[in-house]
Structure formats: structure tokens, C-alpha cells
Amino acid sequence: MPALVYPELKPWPQPPETTTELDYAPLAVLDFAKWDAPGGKEELAAQLKEASHTMGFWTIINPGIPQDALDTQFALANTFFTLPQEEKEEITFVPGESCWGYRPPGTIKGTEFKENLEMVNMHKFTEGTNYPRHTFMKRYEPLITSFQKLVFEQVINKIFILMAIMLELPENHFTDMHKFEKASDDHVRFIKYRTRTVEEDKAVSDQWMAGHTDFGSVTLLFPQPIAALQVRTPEDEWKWVRYVPGGIVCNAADLIALMTKNYVKSAIHRVMRPPPDQANLERMGIFFFVRPTNDVIIKPNFSPVLQREGLWTKEDEEFKDEDAATCGEFVIARMQNFNPSRTKEQHDKEVLKVKQWEVVNKYI
Ligand SMILES: O=C(O)CCC(=O)C(=O)O
Ligand SMILES: [Fe+2]
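Residues numbered from 1 in each chain as written. Chains lettered and ligands numbered in written order. Predicted model: local features only at pLDDT ≥ 70, side-chain atom pairs only at ≥ 80, totals over all residues. Heavy atoms only, no water.

Next up on the list: the overall build of the chain. Looking only at helices and strands, one finds twelve helices and 14 strands in the chain. For the chain, whose C-alpha radius of gyration is 20 Å, the value lies close to the compact-globule estimate of 21 Å for 364 residues. A principal-axis box enclosing the C-alpha atoms of the chain has dimensions of 55 × 50 × 45 Å. Burial analysis of the chain (364 residues in total) assigns 55% to the buried set. When contacts within the chain are restricted to residue pairs at least 6 apart in sequence, those whose partners lie at least 24 apart make up 77%. Approximately 15,900 Å² of the chain is accessible, and the part contributed by carbon and sulfur atoms is 53%. For the chain, the centre of its 41 positive side-chain charges and the centre of its 53 negative side-chain charges are spaced 2 Å apart. (Helix = DSSP H or I, 4+ residues; strand = E, 2+ residues; numbered from the N terminus. Rg over C-alpha atoms; globule rule 2.2 N^0.38 Å. Buried < 20%, exposed > 50% of the residue type's maximum accessible area, 1.4 Å probe, protein only. Contact = heavy atoms within 4.5 Å. Areas by Shrake-Rupley, 256 points an atom, 1.4 Å probe, with all protein chains shown as cover. Lys, Arg positive; Asp, Glu negative; His and termini not counted. Charge placed at Lys NZ, Arg CZ, Asp CG, Glu CD.)

What follows is the structure in C-alpha cells.
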């Protein structure tokens, strides 16, 4: 058991669930225990079709990740954030250049207030990748990599198989574009949110992270009970994302939306002050940001579903691979374009052009 192999890791006791009645988003709950049952995959694909086309968010239960493996990752995150500041800052984000390593609390865009979060981004540790890593993280490489591989096999590959089924494509259509062993910007993020007083939060309209979309294909948020995440619904309302015990919250992101002509929605989401019974508790988040491999060309992917929906056009048919951007180029351009010290207004005005694609950063 990993926890016994690394006794020095400080456990992160998960706080109790909120008892506050919140205005929750109606998110589909996909039960992966049905995967091998007759018709199970088809049933799950139908659920994902509806969820990804409307909310862009869904929850997966019974994902096949043992609780002790999750507990160990939370303990790793907790131990990392209690390191002396200079050790955390050994590898630090370079704004406009890279987002690997640690990001200390910054100043909230356009204000004099400090963020209440710190984060660390860990690129997957695969052959041939040479991204900077903390000495601390290197010590735990086998633990980190075995967890990431397990999540890839048990959850990520299955999401992409379901997406292929729902779009009436061969099952390997999206899994061929997402390979753990191949170069891509797949990474895991740990975020620790500290509490703030009512007055401090009031000054920032209770917002802990501005509304945004994610850059890649899909993002996973591992189970944690503090209510803080909100999703922007198709009706343009903010709704809370409900914690489902053992459930992994998933959202679709920009690249999968581009490839499916926005059939799959890249949902805007944000993080807010938790309800009163949880507002005095720190929040630890562990995320898996999944991105296509660097060589994948960003282009509209044909699907009979898109065709029937009238989303497939003559231009899509005539799309030329030669002048198209790859996912590697796209992700680098977006990462370099992201400058945490830039104000929301500056970001909003900018349209980033990556070859044929135009992307607007949405910060709301
Ligand atoms: O803390 C959360 O639940 C969401 C964080 C998030 O959206 C992000 O890091 O992109
Ligand atoms: Fe996000």
C-alpha cells in the first residue's frame, strides 16, 4: 500500500460535506461500474452525449481508482504545500513562458488583493520529457506516475471511447489522439485554497478563481467535498457543482470543442467562497488536465452526428491539414499568452491567433 511505503507523507483528512442547500447544476452521473454490463457502454455514451453537449460537465462514479491511491495523492499535495517556501519555489512558473512547477499566490487581476490559492503543475513523467521538476516530486516519481497511468487507463481512455461512441466514430478515434506514453502537455495540478474572512471575500465578490475555460481536451477533478466550483449553464447562470462521494468531476475543454465544432461544450467555470459551514476549511484540489498529443492536427473531425446536426460544412470537408496548427503549437501559444498579472479587461480584448484558429480568453 503506497501510504505505508511513504510514511512521511502527511495525510489530508477530507472535511465533511456541506449541509447547506445550494443551487446545484443538474449534472449527469455516469456509473463506470456499468462499463462491462451488456449495453453498459452505450448507456454511458448516451449520458455523455447529452451532458457534454449541454453542460460540458459531468461526474463519474465507481471510476476504479482505489481510495488509498487517492488518499496518497492528497497526502502528497498536502506535504508539498507544507514545505518551506524556498523549496516550493525551486521550480516556479515563468509568466508568458512556462506553467510548470509552483505558482505562489498572485495578485488578483485588476485589483490590489492577493489570491488565496497556490498551485503546482506537474507534467507527466514519461520517456523523453524533460520538464523541470521539484526535487521533492522526483522522489515520488513512481507514486505519481503509477497514479496517473491508472487514471489514464481507468477513466481517461474510457471517456474518449464514450465520446467516439456518442459521435458514431470508431472506438479508437479519440484514444489514438491521447496517449499517456507520447509527448503531450498532460499534467496533474494540485491547488490549495486558503480561507478568507467574510470581509476579505466580500472585497473580491466572493470569487476565488475567475470564470474561464480550460485549454485541453478534458479536465478531471478528483473527489473532494468542499463546495466551491461553479459552472456556467447554457442559460448563462452560475450553478454549484455537487460533490458526489467518490465521484470525479469532469469537464470538456477548448480543444475537444474545436475538434467537434462546439458540439461538445467547453464549459466556463469558476471557484467561489464555500457555503458558511465550509468557509472556514481549507480546500485541496487535485486535477488531471488532459491534452491531445503534440502531433495531433487541430481540425474539425467528421462525425455523422455533426452532419445530422448541420454542423458539418463544405469548409470542414475541404480543410487542409498542411496549414493547420498542431495541438503542441496551440498549447504553447496559449500558455505563453497567459499572463497572470494581466487584467481581466486586457485578456478579454485579446484574440489569440494560432494559425487558422482564433481563441478568445474568457475571464468572467
Ligand atoms: O478549484 C477548482 O475546482 C477548479 C480549478 C480550475 O478550474 C482550474 O485550475 O482550471
Ligand atoms: Fe479550470
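So, about the site of ligand 1. Lining the immediate environment of ligand 1, one finds 13 residues, of which R189, Y193, H212, H269 and R283 sit closest. One of the side-chain nitrogen or oxygen atoms of H212 is found 3.0 Å away from an oxygen atom of ligand 1. Take R283: an N or O atom from its side chain is 2.8 Å from an oxygen atom of ligand 1. Relative to its free-state accessible area of 290 Å², ligand 1 is covered by the protein chains to the extent of 96%. Those elements giving two or more residues to the shell around ligand 1 turn out to be β5 (187–193), β6 (207–212), β11 (269–272) and β12 (283–290). (Near = heavy atom within 4 Å. Polar contact = N/O pair within 3.5 Å; in protein donor to acceptor, adjacent residues only side chain to side chain.)

This next bit is on the state of the cysteines. On inspection of all chains with the given rule, the structure shows zero disulfides. Free cysteine C250: the closest other cysteine sulfur is in C327, separated by 19 Å. The exposure class assigned to C250 is buried, which follows from its relative accessible area of 0%. (Disulfide = S-S within 2.5 Å.)

A separate point is the UniProt feature "domain: Fe2OG dioxygenase" (unreviewed entry) in the chain. Annotation from UniProt places "domain: Fe2OG dioxygenase" (unreviewed entry) at residues 184–292. Secondary structure content for residues 184–292 is 11% helix and 38% strand, and the end C-alpha separation is 6 Å. (UniProt positions renumbered as here; feature names shortened; annotations may be inferred.)

Per the counting criterion, the structure on display carries 14 aromatic pairs. Relative to W208, the ring of Y193 has its centre 5.7 Å away and its plane inclined at 20°; by these criteria the two rings are stacked. Of this pair, Y193 sits in strand β5 while W208 sits in strand β6, and the two are 15 residues apart along the sequence. Residue Y193 shares its accessibility class with W208, and that shared class is buried. Among the aromatic residues, those joined into a cluster by ring pairs are Y6, F80, F81, Y102, F136 and Y140. Lying over the aromatic face of F180, K124 brings its terminal NZ or CZ to 5.6 Å of the ring centre. (Phe/Tyr/Trp six-rings, centres within 6.5 Å; stacked < 30°, edge-to-face > 60°. Lys NZ or Arg CZ within 6 Å of the ring centre and 35° of its normal.)

Looking now at the side chain of D254. Locating D254 in the fold gives a position in helix α8 (residues 254–259). Overall, D254 belongs to the buried group, its relative accessible area being 9%. If sequence neighbours within four positions are ignored, D254 has contacts with T213, D214, F215, G216, S266 and R334.

All right, on to the packing of helix α2 (residues 40–54) against helix α6 (residues 141–166) then. Where α2 contacts α6, the two axes come as close as 8 Å, and the packing angle between them is 80°. Relative to α6, the element α2 is oriented roughly perpendicular. Within the contact between the two elements, α2 uses K41, L44, A45, L48, K49 and S52 and α6 uses I159, I161, L162, M163, I165 and M166. Along the lines of polarity and charge, the residues of the contact of α2 with α6 split into nine nonpolar, one polar and two charged. (Axes fitted to C-alpha atoms, helices over the stretch in contact; angles between N-to-C directions. Parallel < 35°, antiparallel > 145°, perpendicular 65-115°, else oblique. Nonpolar A, V, L, I, M, F, W, Y, C, P; charged D, E, K, R; others polar.)

So, about α2. With 15 residues, α2 extends 22 Å between its outermost C-alpha atoms, agreeing within 8% with the 21 Å of an ideal straight helix rising 1.5 Å per residue. On its buried face, α2 is in contact with β1 (28–31), β2 (57–61) and α6. Looking one or two residues past α2, G56 carries a phi angle of roughly 75°, positive in sign. (Expected span 1.5 Å × (residues − 1).)

Turning next to the sheet that holds β1. Taken in spatial order, the eight strands of this open sheet run β1-β2-β10-β7-β12-β5-β4-β3, and their pairing is mixed. Looking at the sheet topology across the chains shown, the edges are occupied by β1 and β3 (101–103). The sheet shows a mean angle of 25° between the axes of neighbouring strands, direction not considered. Sheet topology note: the β5/β12 ladder contains seven bridges and is antiparallel. Residue pairing for β12: V188 is matched across the bridge by F288. The sheet contacts of α2 involve β1 and β2, and relative to β1 the element is tilted by about 155°. Contacts from helix α3 (residues 67–81) reach β3, β4 (117–123), β5 and β12 within the one sheet, and its direction differs from that of β12 by about 115°. (Pairing = 2+ DSSP bridges.)

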